[in-house]
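Commentary on secondary and tertiary structure
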Amino acid sequence: MMESPVSVCPVPDEQQPLNEYEQLKSSGFFRTATLELRQYVGKLLWVWGWSWIVAGPIAAASFPPIKHATQFLLCGTLGASLGVILAVARMYLGWSYVRDRLMNQTIFYEETGWYDGQNWTKPLEILTRDRLIVSYQVKPILQRLRRTFAWLGFFLLSGGLIWYFL
């Protein structure tokens, strides 16, 4: 009986692209990108709201809310949006790293430490499986995150235009 390509894989379990994908998918932070749209937006709004704890006082010091309410709101909104931008950027980087590991035919891994890196070429069966996962699971997540960046850019541009015409 022949062994399956997965059973002869020399890559340690935690460095196998499929396991990295599963770990990312089950991670609390990165799982946010896989939620239903309503929950996803809710989580981003939650991050945005908590970011006001830092952005609000800074905006208030620059633009007293009593005198310059519009500038205060725009400045605070921009500052709070930076927290969301950083969170979305981190999710995007994590998911794109896993996408790259799944798509590559050759996988770099470390057996015991930084000094003994090796390359392993995936058999066709594993490469096909990994690329299907990318096509049907990971790409939609990355597209959602790109759309989120586009919406954030739109809101920031709108705020800039409002500021300009004040």
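See the structure printed just above.
Now for a look at the structure at hand. (Residues numbered from 1 in each chain as written. Predicted model: local features only at pLDDT ≥ 70, side-chain atom pairs only at ≥ 80, totals over all residues. Heavy atoms only, no water.)

1. Things to note about the overall build of the chain
As a reminder of what qualifies: Secondary structure follows DSSP: runs of H or I at least 4 residues long count as helices, runs of E at least 2 residues long count as strands, and numbering of each begins at the N terminus. We take the radius of gyration over the C-alpha atoms and set the globule estimate at 2.2 Å times the residue count to the 0.38 power. Note on classification: 1.4 Å probe, protein chains only; a residue is buried when its accessible area is under 20% of the maximum for its type, exposed when over 50%, partly exposed between these limits. Residue contacts follow a heavy-atom distance rule, with two residues in contact if any of their heavy atoms lie within 4.5 Å. All accessible areas in this document rest on Shrake-Rupley with a 1.4 Å probe, and a residue is counted as covered only by the protein chains that are shown. For this count, His and the chain ends are skipped, Lys and Arg are scored as positive, and Asp and Glu as negative. Lys charges are placed at NZ, Arg charges at CZ, Asp charges at CG and Glu charges at CD.
Of regular secondary structure, the chain possesses four helices and two strands. Starting at the N terminus and walking to the C terminus, you meet the elements of the chain as α-α-α-β-β-α. Here the chain has a C-alpha radius of gyration of 22 Å; the compact-globule value for 166 residues is 15 Å, and the former is much larger. On the principal axes, the C-alpha backbone points of the chain span a range of 80 × 35 × 25 Å. With 166 residues in all, the chain has 34% of them scored as buried. Sequence separation of at least 24 residues holds for 70% of the intrachain contacts in the chain that already meet a minimum separation of 6. When the accessible surface of the chain is split by element, carbon and sulfur atoms take 64% of a total near 10800 Å². Side chains of the chain carry 15 positive and 12 negative charges; the gap between the two charge centres is 18 Å.

2. A closer look at the pairing of strand β1 (residues 106-110)
So the rule is basically this: Any two strands between which DSSP finds at least two bridges are classified as paired.
With burial as the criterion, only one face of β1 is covered, namely that bearing I107 and Y109; the residues T106, F108 and E110 on the opposite face remain uncovered. Pairing between β1 and strand β2 (residues 117-121): five bridges, direction antiparallel. Across the sheet, I107 pairs through a bridge with W120, a residue of β2.

3. Remarks on the side chain of T148
Looking at the element boundaries, T148 is found in helix α4 (residues 124-164). Judged by its relative accessible area of 10%, T148 is buried. With near-sequence residues (within four places) excluded, T148 lies in contact with Y40, L44 and V88.

4. With respect to the pattern of salt bridges
Selection rule: Any Lys or Arg side-chain nitrogen found within 4 Å of a carboxyl oxygen on Asp or Glu counts as a salt bridge.
Evaluated as defined, the whole model comprises five salt bridges. As a salt-bridge pair, E20 and R101 come within 3.0 Å of each other at their nearest N and O atoms. Highlighted residues: E20 in helix α1 (residues 17-26) and R101 in helix α3 (residues 69-103), separated in sequence by 81 residues. Notably, a salt bridge pairs D130 with R129, separated by 3.0 Å at the nearest N-O pair. A relative accessible area of 1% places D130 in the buried class.

5. Let's talk about the nonpolar core
The test is simple: Nonpolar cores are built from buried Ala, Val, Leu, Ile, Met, Phe, Trp, Tyr and Cys residues. Side-chain atoms within 4.5 Å join them into one set.
Membership of the largest hydrophobic core comes to 20 residues, with the highest contact counts inside it found for Y21, M91, W95, L102, V138 and L145. Of all the secondary-structure elements, those providing two or more residues to this core are α1, α2 (37-62), α3 and α4. Broken down by element, the residue count for this core peaks at seven residues, all from α4. Dropping the residues within four chain positions of it, Y21 is found in contact with W95, V98, L102, I133, Q137 and V138.

6. Overview of a nonpolar patch on the surface
So the rule is basically this: Put simply, a patch holds well-exposed residues, over 30% relative accessible area, that have no salt bridge, with like charges counted together within 9 Å and Val, Leu, Ile, Met, Phe, Trp or Tyr side chains within 5 Å.
Residues W46, W50, I53, V54 and I58 make up a contiguous nonpolar surface patch of about 610 Å² in total accessible area. Positionally, I53 belongs in helix α2. By relative accessible area, I53 is classed as exposed at 51%.

7. Focus on the side chain of T32
Selection criterion: Here a polar contact is recorded for every N or O atom pair within 3.5 Å, except that within protein the pair must consist of a potential hydrogen donor and a potential acceptor, and residues adjacent in sequence are included only if both atoms are side-chain atoms.
Within the secondary structure, T32 is located in the loop between α1 and α2. Under the relative-accessibility criterion, T32 is labelled buried at 9%. Here the side chain of T32 touches F29 through a polar contact of 3.0 Å, landing on its backbone oxygen. What T32 contacts, discounting residues up to four positions off in sequence, is Y40, K43, M91 and R144.

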